[in-house]
Amino acid sequence: MLTKAPKGTRDILPSEIYKWQAVEAAFMNICNSFGYKEIRIPVFEHTELFKRGVGDSTDIVQKEMYTFNDKADRSLTLRPEGTAGVVRAFIENGMASVPQPVKMAYAITCYRYENVQKGRYREFHQFGVEAFGAKGPEIDVEIISLLELFFKHLGLKDLLLKINSIGCSTCRKTYNDALKAYLLPHLDRMCGLCKERYDRNPMRVIDCKVDVCKEIVKDAPALIDYICGECQEHFEGLKAGLDNLGIQYVVDKSIVRGLDYYTKTVFEFFSHNVGTQGTVCGGGRYDGLVETCCGPTTPGIGFALGVERLLMEIESQDIKIPWDNCIDLFLVTIGKQADDFCAKLVFELRDAGFKVQKDLMARSVKAQMKSADKLGSNYTMVVGDDEIVSGKGKIRRMNDGSEEEIDLSEIKEFLKGI
Ligand code: HAM
């Protein structure tokens, strides 16, 4: 146990971190250009927030949360997603009274006790945005267009955008009656949890992962066929906005999303490369969530994308993320005096912003040259007593072996010029 990470978690190693850093920088960059500012929220929140926000008849709350009591006997939960925490922060920090819309972005870890498989982990990473205060479809279009450009800038192709509308509380009432009438003859065969959901929140049966329930809901009525005039108008506005930007999509009536807070627009970006569910990213509108969490009535919309799944997709599409793994200079030292001299030189060159290394393990010149090679050093210089006396040394370009004699005091200028 001591040498194995817990099931569903993994280390991100120094050899692969550049990919994570590159996609996060690209994401924050595009968020910045759209005016979404980063927010950092706690890893854990009061359990009640997720029960209320995500919904206590969802799989996440019923089966997947990492919940514990702290020493003062408060029930806390590791965040299974980011939206509830951002909504709590929006309310707690009085953001309803600043100019709207309030647009925020995040890059977080999330925790869900799930069956681990390809693309599904217990600790995973999400990039997301949340926007508050705008109720028209324009902002729905904006956040989908943000994703579209993010994928485009990464060089990703062929992610399928699926959209749907799951209406508001008014349409939900009519729909729930129709859904219950459809489910009634199948009730006996449904899983225990769905039998309970039938009365409390029948829509949750639609995204149950149990095979028999999946089979039953295949022919269930679709919510979009029951939406009210206002929700229909919103959906038409969304489609028109996407058409205007030339963003391709399909309407998929089966998307309901696995969290309770959604209203009207829901959407997913889908790919065959990222595991059984295929969802790289999911999101939608949540016009009642701020109120449910005891804040002022405020419309909201957002999405979250799974970073592990994003990287899987990048790999499947054979997109290479550039890796700047080279160092500028490796100083090979001979003897104590040279070693002390170079320690100071390395310190000064690093202060000037160069990537410089020297030996730290009293290794032979040959072994130091090997290290320089392994580290992908662009240049090396051997410094011993002679170089210190003459104040000059030979700087060697590693890719072709060419050498040039320069003053030790001019190394900084030399590196600036390369
Ligand atoms: P979600 O669909 O539960 O939505 O998760 C969003 C994305 O996180 C998924 O599309 C998937 O890429 C990734 N993901 C989810 N679970 C796992 C897992 N166990 N392992 C790896 N990746 C996973 C939400 O979380 C909502 N908060 C999205 C949202 C934001 N809606 C509005 N605003």
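Higher on the page you've got the structure.
Residues numbered from 1 in each chain as written. Predicted model: local features only at pLDDT ≥ 70, side-chain atom pairs only at ≥ 80, totals over all residues. Heavy atoms only, no water.

(A) Structural view of the overall build of the protein. Helix and strand content of the protein: 15 helices and 16 strands. Relative to the compact-globule value of 22 Å for 418 residues, the protein shows a C-alpha radius of gyration of 28 Å, a clear excess of over 25%. Considering only C-alpha atoms, the protein reaches an extent of 95 × 50 × 40 Å along its principal axes. Taking all 418 residues of the protein together, the buried fraction comes to 50%. Within the protein, contacts between residues at least 6 apart in sequence are counted, and of these 71% link residues at least 24 apart. Of the roughly 21200 Å² that the protein leaves accessible, carbon and sulfur atoms contribute 51%. (Helix = DSSP H or I, 4+ residues; strand = E, 2+ residues; numbered from the N terminus. Rg over C-alpha atoms; globule rule 2.2 N^0.38 Å. Buried < 20%, exposed > 50% of the residue type's maximum accessible area, 1.4 Å probe, protein only. Contact = heavy atoms within 4.5 Å. Areas by Shrake-Rupley, 256 points an atom, 1.4 Å probe, with all protein chains shown as cover.)

(B) Seen up close, the pattern of salt bridges. Within this structure, the stated rule accounts for 38 salt bridges. One salt bridge in this structure joins Asp-59 and Lys-63, with 3.7 Å as the shortest N-O distance. Remark: Lys-63 and Asp-59 occur in helix α3 (residues 59-64); sequence separation between them is 4 residues, near one turn of the helix. Salt bridges sharing common partners tie together Asp-59, Lys-63, Glu-64, Glu-114, Arg-120, Arg-197 and Lys-209. (Salt bridge = Lys/Arg side-chain N within 4 Å of Asp/Glu carboxyl O.)

(C) Representation of the site of the ligand. Lining the immediate environment of the ligand, one finds 27 residues, of which Glu-81, Glu-114, Tyr-121, Arg-257 and Tyr-262 sit closest. Take Glu-81: an N or O atom from its side chain is 2.6 Å from a nitrogen atom of the ligand. One of the side-chain nitrogen or oxygen atoms of Tyr-261 is found 2.9 Å away from a nitrogen atom of the ligand. In isolation the ligand has 660 Å² of accessible area, and contact with the protein removes 96% of it. Counting residues per element, the ones that place at least two in the shell around the ligand are β6 (123-132), β10 (279-285) and β11 (300-306). Among the elements that take part in the shell around the ligand, β10 stands out by supplying 6 residues, more than any other. The residue makeup of the shell around the ligand, split by class, is 11 nonpolar, 9 polar and 7 charged. (Near = heavy atom within 4 Å. Polar contact = N/O pair within 3.5 Å; in protein donor to acceptor, adjacent residues only side chain to side chain. Nonpolar A, V, L, I, M, F, W, Y, C, P; charged D, E, K, R; others polar.)

(D) Local environment of the side chain of Thr-83. Within the fold, Thr-83 resides in helix α4 (residues 83-92). For Thr-83, the side chain forms a polar contact with the side chain of Glu-81, separated by 3.2 Å. Residues in contact with Thr-83, not counting those within four places in the same chain, are Tyr-106, Glu-130, Tyr-261, Tyr-286 and Leu-289.

(E) View of a nonpolar patch on the surface. Taken together, Val-43, Phe-44 and Phe-68 make up a surface patch of nonpolar side chains, about 240 Å² in accessible area. Tracing the chain through its elements places Phe-68 in strand β3 (residues 67-69). (Patch = residues over 30% accessible without salt bridge, like charges linked within 9 Å, V, L, I, M, F, W, Y side chains within 5 Å.)

(F) Representation of the sheet that holds β3. In spatial order, the strands read β2-β4-β3; together these 3 strands make up an open sheet with antiparallel pairing. One side of each edge strand has no neighbouring strand; the edge strands of this open sheet are β2 (44-46) and β3. In this sheet, adjacent strand axes meet at a mean angle of 35° when their direction is disregarded. In this structure, β3 lies alongside strand β4 (residues 75-78), joined through 3 bridges in antiparallel fashion. Bridging across to β4, Asn-69 finds its partner in Ser-75. (Pairing = 2+ DSSP bridges. Axes fitted to C-alpha atoms, helices over the stretch in contact; angles between N-to-C directions.)

(G) Spotlight on the side chain of Glu-45. Positionally, Glu-45 belongs in strand β2. Judged by its relative accessible area of 7%, Glu-45 falls in the buried class. Filtering out sequence-adjacent residues up to four positions away, Glu-45 remains in contact with Phe-50, Ser-75, Leu-76, Thr-77, Gly-85 and Arg-88.

(H) Focus on the pairing of strand β5 (residues 102-111). Across the 10 residues that make up β5, a large majority, 9, are buried. Inspection of the sheet shows strand β1 (residues 37-38) paired to β5 by 2 bridges, in the parallel sense. Bridge pairing in β5 places Glu-38 opposite Ala-105. Note: β5 against β6, 10 bridges, orientation antiparallel. Residue pairing across strands places Cys-110 opposite Phe-124, the latter belonging to β6.

(I) Region of interest: the nonpolar core. Ranked by internal contacts, the top residues of the largest apolar core, which has 103 residues, are Phe-27, Tyr-36, Phe-303 and Leu-310. When residues in this core are grouped by element, the largest group, 9 residues, is from helix α5 (residues 137-154). Phe-354, Val-356, Ile-395 and Ile-406 belong to the second largest nonpolar core, which has 18 residues in total. (Core = buried A, V, L, I, M, F, W, Y, C linked by side-chain atoms within 4.5 Å.)

(J) The packing of helix α1 (residues 17-33) against helix α11 (residues 307-316), seen in detail. In contact at an axis separation of 11 Å, α1 and α11 are set at 105° when each is read in the N-to-C sense. In terms of orientation, α1 and α11 fall into the roughly perpendicular class. Packed against α1, whose contacting residues are Lys-19, Trp-20 and Val-23, the element α11 presents Val-307, Glu-308, Leu-310, Leu-311, Ile-314 and Glu-315 at the interface. Here the residues of the contact of α1 with α11 are counted per class, giving 6 nonpolar, no polar and 3 charged. (Parallel < 35°, antiparallel > 145°, perpendicular 65-115°, else oblique.)

(K) The arrangement of the sheet that holds strand β8 (residues 250-251) in detail. Pairing is mixed across the open sheet formed by 8 strands, whose spatial order is β1-β5-β6-β11-β10-β9-β7-β8. Looking at which strands have only one partner, the edges of the open sheet turn out to be β1 and β8.

(L) Layout of the packing of aromatic side chains. Within this structure, the stated rule accounts for 14 aromatic pairs. Considering the side-chain rings of Phe-132 and Tyr-286, the 6.0 Å spacing of their centres and the 65° angle between planes classify their relative orientation as edge-to-face. One end of the pair, Phe-132, is in strand β6; the other, Tyr-286, is in the loop between β10 and α10 (289-292), and 154 residues separate them in sequence. The same class applies to Phe-132 as to Tyr-286, namely buried. Residues Phe-150 and Phe-151 carry aromatic rings whose centres are separated by 5.9 Å and whose planes lie at 40° to one another, so their mutual orientation is tilted. With a relative accessible area of 1%, Phe-150 lands in the buried category. (Phe/Tyr/Trp six-rings, centres within 6.5 Å; stacked < 30°, edge-to-face > 60°.)

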